[in-house]
Each structure stands twice: as C-alpha cells, then as structure tokens.
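Structural overview
Next come the chains, spelled out residue by residue.
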Amino acid sequence: LAHLVVMFTLSLLVVSLNNQMAGPIESALDTIYQTREAQAPIVRASAIELLARCLSTASLPSIERALEDPDGLVRSAALDALAAVPPPERVRLAYALLTDPLRSVRIEAASALAAEAHFLNAEQRKPFEAALAEYRAAQATNADRPDSYANLGSIAARLGDRIGEVGRRRAD
C-alpha cells in the first residue's frame, strides 16, 4: 500500500510539473509566432520540440499551427510532437502532410502515422504508401549505416510486420 501511495504522489508531482512548464513554453511559442518573420525557423522548431515534452490539450493548438508553418523544419518538429497525441487525432492532424511539398516532411508524416495505418481507408492509404516508399528509399540510401536498419525495423514494428524490413534484407 505504501508503494502505491508513493507512486500516486510521484504521478501527481510529474503532472503538476508538466502543467507548470507548459504555460511558459506556450506563452513563449505564442510570442515567437506573433513575430514569426523575425524568428528563424530553427527557433520555432526548437520551441515546438520543447512544447512536445510537456504536451497537453491546451498546447495542441500550438502544434496544429506549427503543422501549417511555411518552413518544413517546423512542420517536421510538429510531426514529432504528435507522438503523444491519441491515434485518431494524430491521423487527423498528420494526414495532410503525407503530400507535403518537402520529401523530408512526407517521410516524417509516414513515420508518425505508421502505427495508425489501420485507421486509414483505402483512398487515404495511397498517399501513406507513397510516403512510406520514400521513407524506405531514404533508409536504403544509407544502408551502410546501422541506424538505417534500426529505422526500418522500428517502422516495420509500428506497421505490425513481425519479420520486418531488416529480416527480409538479411534473407536476401
């Protein structure tokens, strides 16, 4: 029983700290967006990455705004931030970026939606499969690096593929 009380108390502490941190970060992000032209994209992307660490329902509008940012670096950071968002909401927010003009953003969108591919209907799967093919091609370009195998294995696992890309490559 004492263990449960300690765990509950720690959980409350973490939630409290999260709520205390989210407000100042959201406020700073609003300031950054109000002066967007004066702020470098790396500043906006860094702010989104910080916000992702303490994401809440109150900060979700900031992430949504970043998904529509004119700079691809910021859109990619916002896609990373969606990891903590419930799956149906993640699909709603990230789906449009599967057809983004920048390949890196499309790849990031495919990665963000890999575990939620089962939520996509047949028509929605077409842009997802195209972006996923780009992701795999990008990893194949770096096939001499161990992290490309790790990335392919990770995406295969999120897609529910037990053997995965790495297993098939080794079999070849």
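Quick caveat, the model's predicted, so the values are computed rather than measured.

**What about the overall build of the chain?**
- When helices and strands are tallied, the chain shows nine helices and zero strands.
- Scanning the chain from its N terminus toward the C terminus, one meets helices and strands in the order α-α-α-α-α-α-α-α-α.
- Out of the 172 residues in the chain, the part that is buried amounts to 37%.
- For the chain, restricting intrachain contacts to residue pairs at least 6 apart in sequence, the fraction spanning at least 24 positions comes to 55%.
- When the accessible area of the chain is evaluated, it comes to approximately 9,900 Å², of which 60% is carbon and sulfur surface.

**Some remarks on the environment of Gln139**
- For Gln139, the location among the structural elements is in helix α7 (residues 122-141).
- In this structure Gln139 comes out as buried when scored by relative accessible area, which is 11%.
- On a C-alpha basis, the gap between Gln139 and Leu152 in space is 7.1 Å, while along the polypeptide they are 13 residues apart.

**Description of the confidence of the model for the chain**
- Residues with a pLDDT of 70 or more make up 72% of the chain, whose mean pLDDT is 81.
- Taken element by element, the predicted model of the chain shows its lowest mean pLDDT in helix α9 (residues 164-171) (54) and its highest in helix α6 (residues 103-113) (96).

**Quick word on helix α3 (residues 60-67)**
- What α3 keeps buried is the set Leu60, Ser62, Ile63, Ala66 and Leu67. The buried residues of α3 all sit within an arc of 160 degrees when viewed along its axis, so they share a single face.

**Regarding the nonpolar core**
- Counting residues in hydrophobic clusters, the biggest one holds 36 residues, and the most contacted among them are Ile48, Ile63, Leu67, Leu79, Leu82, Leu98 and Phe128.
- For this core, the element with the highest residue contribution is α6, accounting for six residues.
- If we ignore the near neighbours within four places in the chain, the residues touching Leu82 are Ile63, Leu67, Arg90, Leu93 and Ala94.

Analysis parameters
- Here the residue numbers are simple positions, counted from 1 along each chain's written sequence.
- pLDDT decides what is reported in this predicted model: residues at 70 or higher carry local features, side-chain atom pairs at 80 or more are listed and counted, and totals for whole chains, interfaces and linings draw on all residues regardless.
- Neither water nor hydrogens contribute to the side-chain values; these are computed over all heavy atoms in the structure.
- Helix and strand labels come from DSSP, where a helix needs a run of H or I of at least four residues and a strand needs a run of E of at least two; each type is numbered from the N terminus.
- Classification of residues uses two cut-offs on accessible area relative to the type maximum, computed with a 1.4 Å probe and protein chains only: under 20% is buried, over 50% is exposed, and between them is partly exposed.
- In what follows, a contact means two residues having at least one pair of non-hydrogen atoms within 4.5 Å.
- Working definition of accessibility: Shrake-Rupley area with a 1.4 Å probe, residue cover restricted to the visible protein chains.
- pLDDT is defined as a per-residue confidence score from the predictor, taking values between 0 and 100.
- The arc refers to the directions leading from the helix axis to the C-beta atoms.
- In plain words, nonpolar cores are sets of buried Ala, Val, Leu, Ile, Met, Phe, Trp, Tyr and Cys residues tied together by side-chain atoms within 4.5 Å.

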